[in-house]
Amino acid sequence: MKKSENVYYKPFSHIYVEERVWENKAALSILSRFKNSKVIKIKNYKDVFNRPNQSFSVQKKAPSLILAEKEGEFVYKGAPFCQSFGSEEFYYTSFVVNCIYDCEYCYLRGMYSSGNVVVFVNYDDFFEDIKKIAAGKNIFLCVSYDTDLLGLEGLLGLCRRWYEFGAENPNVTIELRTKCGNIDFLKGLKPIDNFITAYTLSPVEVVNMYEHKTSSLEKRLEAAKAVMEMGFPLRLSFDPLLKVSGFEEVYGRLIDRCFQVLDGEKIRDIGLGGFRISADYIKTMKKSCSNSIIANYPYENSRGVCSYGRADSEQMLAFMTESIKKYCGKEKIYL
């Protein structure tokens, strides 16, 4: 089946709204875009998102939207599973919980029982907390680990908000990671060094088999080239690497294609990562996605982290490093 070249976007049939954000400006703006959705008022988003006996895989086919107010922590220290690209002050934040895309290897399948999408609409609280944490220092902030914000840009407009925040706070380097080919929000904007668009790139075979609803590889490369030509910092992410049949041939074609389209000298940096996931998440994924090849692979468990094992992971990373070095300086590669 040919991968769709269109950005995935499907109206939510049901939208749940917390009472306390019923008059919130951002919530009202979102609701105005869904004239035909059934809107249901609720007391707390957890009553819907955390309710028992849900099916993540079923809900992902037609997720509902939940608008809520975030409480407690707004910004978190980056997890050791994630790439910090050399930054000692590495953080992440999540305006949105869950993703409209449905990648079979995604840790969200193991983290949550619900496939619904939660948007925390008290944006200013997030921004204020980030300013406090970044006061007097430079930080690296990932804003799209628990979702794909660019895939939701037509609904939320949050990528534009993050750009504006970055322009006002040059000490905060923002990474927007995506599998979406839509970059309309960048058109007409002045490039800034601290706003990085990072494209997760996978072989065509992996995209078609495991990365459901995402933009195709060619669409992502087209978007990445446009970002680079606009003058914005471009990051490539080959993460996670999957142990597919004919790995070197499949991923070798991917690297060659990427650098046919992109100028390796103009890329800011490149991240490589072998597949790794919490053992607890794998247990959950096996229950909710019983037919998944990814969930049922016999991984090695080391201190609660499942992976292909040290030898296989190092072999894959070494192959990717050598393949990329033909087009790009090794100093740009982060493992």
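These numbers were taken from a predicted model, which means no experiment stands behind them.

**Q** How should the sheet that holds strand 8 (residues 117-120) be read in this particular structure?
**A** Think of a sheet as strands paired side by side through backbone hydrogen bonds, with each pair either parallel or antiparallel. Spatially, the five strands line up as an open sheet ordered 2-1-3-8-6, and their pairing is mixed. The open sheet has two free edges, formed respectively by strand 2 (38-42) and strand 6 (96-97), since each of these has just one partner strand. With four bridges joining them, strand 3 (residues 65-68) and strand 8 adopt parallel strand pairing. Within the sheet, the bridge partner assigned to I66 lies in strand 8 and is V118.

**Q** I'm lost on unusual backbone geometry in this one. Help?
**A** Omega for the peptide link from D239 to P240 comes to 5°, which places this bond in the cis form. The backbone of N53 sits at a positive phi, close to 60°, despite the residue not being glycine. Along the polypeptide, N53 turns up in the loop between helix 2 (46-49) and helix 3 (56-61). According to the relative accessible area criterion, N53 is exposed, its value standing at 81%. We note that R303 has phi near 55°; this positive angle belongs to a residue other than glycine. Assignment of secondary structure puts R303 in the loop between strand 16 (300-302) and strand 17 (305-307).

**Q** Help me out: how do you make sense of the packing of helix 10 (residues 247-261) against helix 12 (residues 310-325) in this one?
**A** When two helices pack together, you describe them by how their axes are tilted relative to each other and by the distance separating the axes. Contact geometry of helix 10 with helix 12 gives a least axis separation of 10 Å together with a crossing angle of 30°. By the criterion of interaxial angle, the relationship of helix 10 to helix 12 is roughly parallel. The handedness of the crossing between helix 10 and helix 12 is right-handed. Mapping the contact onto sequence places F247, E248, Y251, G252, I255 and F259 in helix 10 and Q315, M316, F319, M320, S323 and I324 in helix 12. Here the contact of helix 10 with helix 12 is composed, by residue class, of eight nonpolar, three polar and one charged.

**Q** Sorry, what's going on with the confidence of the model for the protein here?
**A** A low pLDDT means the predicted coordinates there should not be read in detail. Mean pLDDT over the protein works out to 91, with 93% of the residues at or above the 70 mark. Element-level pLDDT for the protein is lowest in helix 3, with a mean of 78, against a maximum mean of 98 in helix 10. For residues 1-8, every residue scores under 50 in pLDDT, and the model assigns this stretch 23 contacts once sequence neighbours within four places are set aside.

**Q** Help me out: how do you make sense of helix 12 in this one?
**A** Given 3.6 residues to a turn, an α-helix orients residues that are three or four positions apart in the same direction. Along its 16 residues, helix 12 runs 22 Å from first to last C-alpha, staying within 8% of the 22 Å computed at 1.5 Å per residue. Of all the positions in helix 12, only S313, M316, L317, F319, M320, T321, S323 and I324 are classed as buried. Residues of helix 12 that are buried sit in contact with strand 13 (234-241), helix 10, strand 14 (269-274), strand 17 and strand 18 (333-334).

Here is what the cut-offs are and how they apply
- Residues numbered from 1 in each chain as written.
- Predicted model: local features only at pLDDT ≥ 70, side-chain atom pairs only at ≥ 80, totals over all residues.
- Heavy atoms only, no water.
- Pairing = 2+ DSSP bridges.
- Helix = DSSP H or I, 4+ residues; strand = E, 2+ residues; numbered from the N terminus.
- Buried < 20%, exposed > 50% of the residue type's maximum accessible area, 1.4 Å probe, protein only.
- Axes fitted to C-alpha atoms, helices over the stretch in contact; angles between N-to-C directions.
- Parallel < 35°, antiparallel > 145°, perpendicular 65-115°, else oblique.
- Left-handed = near helix turned anticlockwise from the far one by under 90°.
- Contact = heavy atoms within 4.5 Å.
- Nonpolar A, V, L, I, M, F, W, Y, C, P; charged D, E, K, R; others polar.
- pLDDT = per-residue confidence, 0-100.
- Expected span 1.5 Å × (residues − 1).

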